[in-house]
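A look at the structure
Spelled out, the chains give:
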Amino acid sequence: MINGILFGWVTALSLSVVWPVLLPLPVCLAMIPVAVLLKRYPILLGLGLGLAYGQLNAQRLVDPERPLSPGIHSLVAVVIEVPTGAELYQRTRWRVEQIEHNSMSLISHKVIELAWYSGPVLKLGQRYELEVKLRDPDGSLNLGGFNRRRHLLAEGVSASGYIRRGQLLDETPHWRGDLLTQLAQASAELSRGDLLRALVLADTRAVSERDWQRMRQAGLVHLLAISGLHLSIVAGLVMSCGGWLLPRIWRDPRGRGRFAVWLLAAAAVLGYGALAGFALPTVRAALMVIFGLLLLWVSRAARPWEILLRVAALILLFQPLAAMTPGYWLSFGAVSVILLLSWWLPGPSTRRDKILWFVQVQIALTLLLTLLQGVWFGQFSLHGIWTNLLLLPLFGALILPLCLLAAALFFAGAPAQVLQLADWALWPVDWVAMQASAVALGAGDLPLMWLWPLTAATLAAGLCWWSPWRAARWQAAILLLPLLALLWQQPARWRLDVIDVGQGLSVLVQRQGAALLYDTGARLPGGFSYAKVALLPLLRERGITRLDYLVISHGDNDHAGGASLLQRRIPIAQRIGFEGTPCTQGPSQWQGLTLSWFQAPLAGNDGSCVLLLEDGQRRVLLPGDIEQAGEASLLAQLPAGPIDLLLAPHHGSKTSSSQALVDALQPKRVVFPAGRYNRWNFPHPDVLARYRQQGAEIWISGQTGQLQIDLGSSVSVLGYRQALAPWWYNRD
């Protein structure tokens with residue numbers, strides 16, 4: 001019975017990533033007694049309890065009446081995360097102790113993420129009195145892009161915002177902050193000092209984007225994130241050393257001393273987790289390892305899948321929304337593959353069989369993790385098969401132990417030269433990553449449309465290879481039917497995506513497999529670029545490998561900031577507008593569309609490159625940031641006729657969308673490319689009123705997320721929040 005309850009519990013909470021809505025609080029509470037009445041059906045009981053528990057936890061995170069609700073608040077809070085800095089601001093997480101001079105309740109979520117512009121250098125453990133402006137956790141929402149809101153909610157962050165002013169109350173340094181500073185200074189000159197800090201203290205701030213990309217291409221990125229692998233290695237080393245040493249210092253036929261060894265292994269896991277800062281992924285990994293040790297100790301006859309089920313149930317008890325993170329699926333997916341192969345394959349007896357079993361496990365792990373990484377990150381790497389075969393034994397037996405030993409000696413007072421030992425030990429990781437990243441074949445982007453056929457093909461190959469039951473091989477052929485979907489040729493469509501790039505603009509136009517991009521969004525001084533986090537992932541999801549046109553309306557950062565990155569990462573046939581071919585050419589034909597270019601002889605916003613797209617039936621106008629003077633110039637050149645889709649000029653500012661423009665264009669649909677919570681409060685109410693009075697349908701990209709607009713015999717407009725990914729954490 002207990003297994004049925006736990007299975008239902010884990011299933012309900014694991015599906016939190018695709019819950020469509022949050023149920024009202026009375027319904028959640030009513031589910032508990034209803035579930036108890038189903039005690040004769042353990043799985044249904046577990047499903048009911050898990051769903052109620054998860055929904056109640058999520059309700060507390062997003063409840064409009066929660067203590068840390070949007071608005072201006074006075075707080076006393078402690079820095080609990082190593083700050084990440086940029087030229088303009090620092091961003092870090094805080095644990096709130098008081099709000100409006102009242103202590104936070106025990107059941108309230110207390111973690112928030114704040115930016116401090118031009119603030120003092122923050123350190124772990126500092127306590128401040130702050131005046132902050134909070135808002136709901138949020139971020140841009142695009143297909144294939146990083147969902148920052150989901151990430152923050154999964155980690156228990158109930159609000160984000162910025163600090164208006166603050167006063168230091170307590171300078172007491174945090175021991176981990178001191179270790180971070182010491183190790184950073186001592187390893188600054190080492191060739192692989194960034195990797196050392198990542199492995200010892202989970203400090204990845206110094207790992208460059210180039211190194212991350214190399215590790216991803218090599219299928220080795222999991223080595224840099226302290227996870228169940230690292231903690232299991234530490235536990236295994238302690239138990240191996242203890243098992244060898246114990247009989248030599250305590251001859252006890254009854255084996256009572258083994259408990260001390262297991263206890264020491266658990267302590268080592270907790271100690272390593274503390275060094276890593278006990279971030280939620282590390283807490284999850286530590287709970288997995290320690291609970292697994294406990295179950296093995298008290299119930300050695302337990303079946304492996306029962307241990308896995310109990311560990312998952314415990315994780316979801318402490319972290320009900322853990323399933324909204326990729327680490328949850330990657331960790332339990334890897335363990336599940338190992339258990340399945342242990343069930344399918346006979347136990348290896350000879351050394352040759354053990355090596356073959358290890359190779360098969362590595363192949364299966366790489367294929368599964370490739371599919372999971374494709375779902376979450378849109379990338380794949382088959383290099384992981386050979387790179388992990390080479391490195392994992394060495395990593396567990398030598399690399400990680402030497403890194404931890406060298407760091408421990410350094411923290412104990414040894415000279416910094418001892419860290420050179422760890423630097424040498426990390427050379428194989430660096431070398432293998434370099435060799436793998438130099439081979440383009442076997443790694444790259446994985447569009448979503450390929451995932452399901454590849455999943456079916458992987459399962460079919462597994463059934464043919466291992467044949468766990470008699471009819472497995474002919475049944476595998478059925479799984480290959482989804483591959484026929486790749487042969488299906490969709491009819492040519494004219495699609496336009498207004499990408500959610502905050503308070504900026506970027507529009508992707510597709511026709512007959514070709515693509516045009518109008519503007520790129522902003523790039524911030526700290527290195528953040530919407531081209532990297534939104535545009536490139538969307539191009540990957542669409543299967544676009546080149547751009548026929550890159551149009552940059554004008555030089556403002558919120559329109560042109562990502563152009564240089566795009567030009568480095570994807571072939572571009574022609575660039576028009578700012579720093580490209582002048583936007584004064586005559587109409588041109590592209591994939592059955594007529595492209596008409598307009599530009600006023602004015603400077604600044606009014607000199608934006610304006611693009612009109614027509615197919616003989618539909619007209620779409622992309623006017624950049626023109627204001628009233630530029631609008632007057634445009635109306636003098638633009639052919640008469642209503643506009644089917646208009647991007648509101650200058651994000652809907654008061655100085656644009658004049659009454660003359662609205663009357664002349666008579667737009668049927670208007671999209672405002674305006675960021676959520678933007679400080680200018682675009683679009684302006686007067687502008688909205690003009691378009692509404694004219695009868696236009698209106699969308700605001702910051703509120704809807706990415707807008708996918710299909711133009712054909714009818715016009716379809718789908719927003720990310722409500723249609724493309726209508727899950728509870730994306731909804732308002």
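Our subject is the structure listed above.
Residues numbered from 1 in each chain as written. Predicted model: local features only at pLDDT ≥ 70, side-chain atom pairs only at ≥ 80, totals over all residues. Heavy atoms only, no water.

Considering the overall build of the protein
- Each helix and strand counted, the protein has 26 helices and 23 strands in total.
- Computed over the C-alpha atoms, the radius of gyration of the protein is 28 Å, within 12% of the 27 Å expected from 2.2 N^0.38 for a compact globule of 732 residues.
- Dimensions of the protein, computed from the C-alpha atoms along their principal axes, are close to 100 × 70 × 65 Å.
- Each of the 732 residues in the protein was classed as buried or not, and the buried ones make up 50%.
- Pairs at least 24 apart in sequence give 68% of the contacts found in the protein among residues at least 6 apart.
- Computed over 60 positive and 46 negative side-chain charges, the separation of the two mean positions in the protein equals 12 Å. (Helix = DSSP H or I, 4+ residues; strand = E, 2+ residues; numbered from the N terminus. Rg over C-alpha atoms; globule rule 2.2 N^0.38 Å. Buried < 20%, exposed > 50% of the residue type's maximum accessible area, 1.4 Å probe, protein only. Contact = heavy atoms within 4.5 Å. Lys, Arg positive; Asp, Glu negative; His and termini not counted. Charge placed at Lys NZ, Arg CZ, Asp CG, Glu CD.)

Thoughts on the nonpolar core
- Within the largest apolar cluster, 51 residues are counted, with the highest numbers of intra-cluster contacts made by Leu196, Leu220 and Leu419.
- At eight residues, helix α14 (residues 384-411) tops the list of elements feeding residues into this core.
- Residues within four places of Leu419 in sequence aside, it is in contact with Leu183, Ala186, Ser187, Leu190, Leu196, Ala406, Ala407 and Phe410.
- Among the nonpolar cores identified, the runner-up in size contains 29 residues, and Trp494, Ala514, Leu595 and Leu707 belong to it. (Core = buried A, V, L, I, M, F, W, Y, C linked by side-chain atoms within 4.5 Å.)

A word on the sheet that holds strand β16 (residues 593-598)
- If you walk across this open sheet you meet the seven strands as β15-β16-β17-β18-β19-β20-β21, and the pairing is mixed. Among the strands making up the open sheet, the edge pair consists of β15 (588-590) and β21 (697-700). Mean inter-strand twist for the sheet, computed between neighbouring axes without regard to direction, equals 20°.
- With five bridges connecting them, β16 and strand β17 (residues 610-614) associate as antiparallel partners. Opposite Thr594, over in β17, you have Glu614 as the bridge partner.
- Helix α24 (residues 685-694) contacts β19 (645-647), β20 (669-672) and β21 of the sheet and is inclined by roughly 165° relative to β20. (Pairing = 2+ DSSP bridges. Axes fitted to C-alpha atoms, helices over the stretch in contact; angles between N-to-C directions.)

Here we look at the state of the cysteines
- Under the criterion given, the structure shown has one disulfide.
- Free of any disulfide, Cys241 has its nearest neighbouring cysteine sulfur in Cys403, separated by 17 Å. (Disulfide = S-S within 2.5 Å.)

Some remarks on the packing of helix α1 (residues 2-14) against helix α3 (residues 42-62)
- Running from amino to carboxyl end, α1 crosses α3 at an angle of 35°, the nearest separation of the two axes being 6 Å. As α1 packs across α3, the resulting crossing turns out to be right-handed. Contacts between α1 and α3 involve Gly4, Ile5, Phe7, Gly8, Trp9, Thr11, Ala12 and Leu13 from the first element and Pro42, Ile43, Leu45, Gly46, Leu47, Leu49, Gly50, Leu51, Tyr53 and Gly54 from the second.
- Within the contact of α1 with α3, the residues separate by chemical class into twelve nonpolar, six polar and no charged. (Left-handed = near helix turned anticlockwise from the far one by under 90°. Nonpolar A, V, L, I, M, F, W, Y, C, P; charged D, E, K, R; others polar.)

Overview of the pattern of salt bridges
- Per the counting criterion, the structure on display carries 26 salt bridges.
- Its salt-bridge partner being Arg127, residue Asp170 comes within 3.0 Å of it at the nearest N-O pair. With a gap of 43 residues between them, Asp170 in strand β7 (residues 157-170) and Arg127 in strand β6 (residues 127-135) connect regions that are remote in the sequence.
- What makes Asp170 partly exposed here is its relative accessible area of 25%.
- For Arg192, the salt bridge identified is with Asp430, shortest N-O distance 3.5 Å. Pair noted here: Arg192 is in the loop between α5 (175-186) and α6 (193-201) and Asp430 is in helix α16 (residues 427-437), with a separation of 238 residues, a long-range link.
- A relative accessible area of 11% places Arg192 in the buried class.
- For Asp430, a relative accessible area of 16% corresponds to the buried category. (Salt bridge = Lys/Arg side-chain N within 4 Å of Asp/Glu carboxyl O.)

Description of the sheet that holds strand β22 (residues 707-711)
- If you trace the seven strands from one edge of the open sheet to the other, you get β14-β13-β12-β11-β10-β22-β23, paired in mixed fashion. Two strands bound the open sheet, and with one partner strand each, they are β14 (572-577) and β23 (715-719). Within the sheet, the average angular offset between the axes of one strand and its neighbour, ignoring direction, is 15°.
- Pairing analysis gives five bridges linking β22 to β23, with the strands arranged antiparallel. Note that in β23 the partner of Leu707 across the bridge is Gly719.

Things to note about a positive patch on the surface
- Side chains of Arg523, Lys532, Arg568 and Arg569 sit close together on the surface and give a patch of like positive charge.
- With respect to the secondary-structure elements, Arg568 resides in helix α21 (residues 563-569).
- Residue classification places Arg568 among the exposed residues on the basis of a relative accessible area of 62%. (Patch = residues over 30% accessible without salt bridge, like charges linked within 9 Å, V, L, I, M, F, W, Y side chains within 5 Å. Areas by Shrake-Rupley, 256 points an atom, 1.4 Å probe, with all protein chains shown as cover.)

Overview of the packing of α14 against α16
- Two elements in contact, α14 and α16, have axes whose closest approach is 10 Å; the angle formed by their N-to-C orientations is 170°. In this view, α14 runs roughly antiparallel relative to α16, as classed from their interaxial angle. Along the contact surface, α14 presents Trp386, Thr387, Leu391, Leu394 and Ile399, while α16 presents Pro428, Val429, Val432, Gln435 and Ala436.
- Across the contact of α14 with α16, the residue classes break down as eight nonpolar, two polar and no charged. (Parallel < 35°, antiparallel > 145°, perpendicular 65-115°, else oblique.)

Description of α6
- Burial runs high along α6: nine of the nine residues are buried.
- Residues of α6 that are buried: Gly193, Asp194, Leu195, Leu196, Arg197, Ala198, Leu199, Val200 and Leu201.
- Phi turns positive one or two residues past the end of α6, at Ala202, with a value near 55°.

Things to note about helix α9 (residues 258-275)
- The end-to-end C-alpha distance of α9 is 26 Å, a good match for the 26 Å that 18 residues give at a rise of 1.5 Å each.
- Taken residue by residue, α9 has Val261, Trp262, Ala265, Ala266, Val269, Tyr272 and Gly273 as its buried positions. Summarising the axial view, the buried residues of α9 lie within an arc of 140°, below the 170-degree limit, and thus occupy one face. Opposite the buried face of α9, by more than 90 degrees, sit the exposed residues Leu263 and Leu264.
- Trailing α9 by a residue or two, Gly277 shows a phi angle of about 90°, which is positive. (Expected span 1.5 Å × (residues − 1). Arc of directions from axis to C-beta.)

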